[in-house]
Amino acid sequence: MHTKILAYLQSISEEKYKIFSLKLLPKDTMLLGVRIPLLKKLAKQIKKNNQIDTYLNTPIQNLKYQEEKMLYSLLISYQEVLEEKRIDNIKNYVSHIKNWSECDTFVASLKSIKNNQEMYYNIFLHDLLFLLQELEHFLNNLFLSAVHNIDLYHLYFHDNHNH
């Protein structure tokens, strides 16, 4: 299925749109030049054909182009599953987001969050607080290294491996 969809995405890509979009994205972005409305239309067709699970079974790391990953994210949003399963899919996907465009498209498509705000808040707030604690620890070490001319790399990693 993946090969067939990639061929379709290539057939609807626009070179001028690709050139324009690449100016707004990191230099290493692999882009075909497919407009978002066409990706949404394709995602809805995949849903209509009951093939969401088939596409989502493709390992994310095998998706070379941004549009393939964006399609993946749209299908997570369109999938009719329990929110716990969607959250697992979201957690799996977010570490593969490489730029603002992928993030914006994904977040805008997650309509189910509105009806499950407390669940999402509790799960993702916990993760955010952990990251903020890690950031605070790192910034404290950065400050110490600047003030005392300490080797930050060894201070940070030595300290983290002892906990």
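Source: prediction; values computed, not measured.

A.B. asks: Hey, could you run me through the nonpolar core in this one?
C.D. replies: Among soluble globular proteins, nonpolar side chains are generally buried collectively. Counting residues in each nonpolar core, the largest one holds 29 residues, and the members touching the most others are Leu9, Leu71, Tyr72 and Leu75. Take this core: its biggest share by element is seven residues, from helix α5 (residues 66–78).

A.B. asks: Teacher, can you tell me more about helix α7 (residues 100–109) here?
C.D. replies: Owing to its 3.6 residues per turn, the α-helix aligns residues three or four sequence positions apart on the same side. Among the residues of α7, those classed as buried are Ser101, Glu102, Thr105, Phe106 and Ser109. Along the axis of α7, the buried positions cluster into a sector of 125 degrees, meaning they face one direction only. Its buried side turned inward, α7 meets α3 (36–48), α5 and α6 (83–94). With a side-chain oxygen lying 2.9 Å from the backbone nitrogen of Ser101, the N-terminal cap of α7 falls on Asn99.

A.B. asks: Any chance you could explain the packing of aromatic side chains here in plain terms?
C.D. replies: Where two aromatic rings form a pair, the distance of their centres and the angle of their planes describe that pair. What the rule picks out here adds up to three aromatic pairs. Considering the side-chain rings of Tyr55 and Tyr72, the 6.3 Å spacing of their centres and the 55 degrees angle between planes classify their relative orientation as tilted. Of the two residues, Tyr55 sits in helix α4 (residues 52–56) while Tyr72 sits in helix α5, which places them 17 residues apart along the sequence. With respect to class, Tyr55 is no different from Tyr72; both count as buried. Aromatic pair Tyr93 and Phe106: ring centres 4.8 Å apart, planes at 65 degrees, arrangement edge-to-face. Taken together, the residues span a long stretch of sequence, with Tyr93 in helix α6 and Phe106 in helix α7 at a distance of 13 residues. Taking the relative accessible area as the measure of exposure, Tyr93 reaches 0% and is therefore buried. A connected cluster of aromatic rings, assembled from ring pairs, spans Tyr55, Tyr72, Tyr93 and Phe106.

Parameters at a glance
- Residues numbered from 1 in each chain as written.
- Predicted model: local features only at pLDDT ≥ 70, side-chain atom pairs only at ≥ 80, totals over all residues.
- Heavy atoms only, no water.
- Core = buried A, V, L, I, M, F, W, Y, C linked by side-chain atoms within 4.5 Å.
- Buried < 20%, exposed > 50% of the residue type's maximum accessible area, 1.4 Å probe, protein only.
- Helix = DSSP H or I, 4+ residues; strand = E, 2+ residues; numbered from the N terminus.
- Arc of directions from axis to C-beta.
- Contact = heavy atoms within 4.5 Å.
- Polar contact = N/O pair within 3.5 Å; in protein donor to acceptor, adjacent residues only side chain to side chain.
- Phe/Tyr/Trp six-rings, centres within 6.5 Å; stacked < 30°, edge-to-face > 60°.

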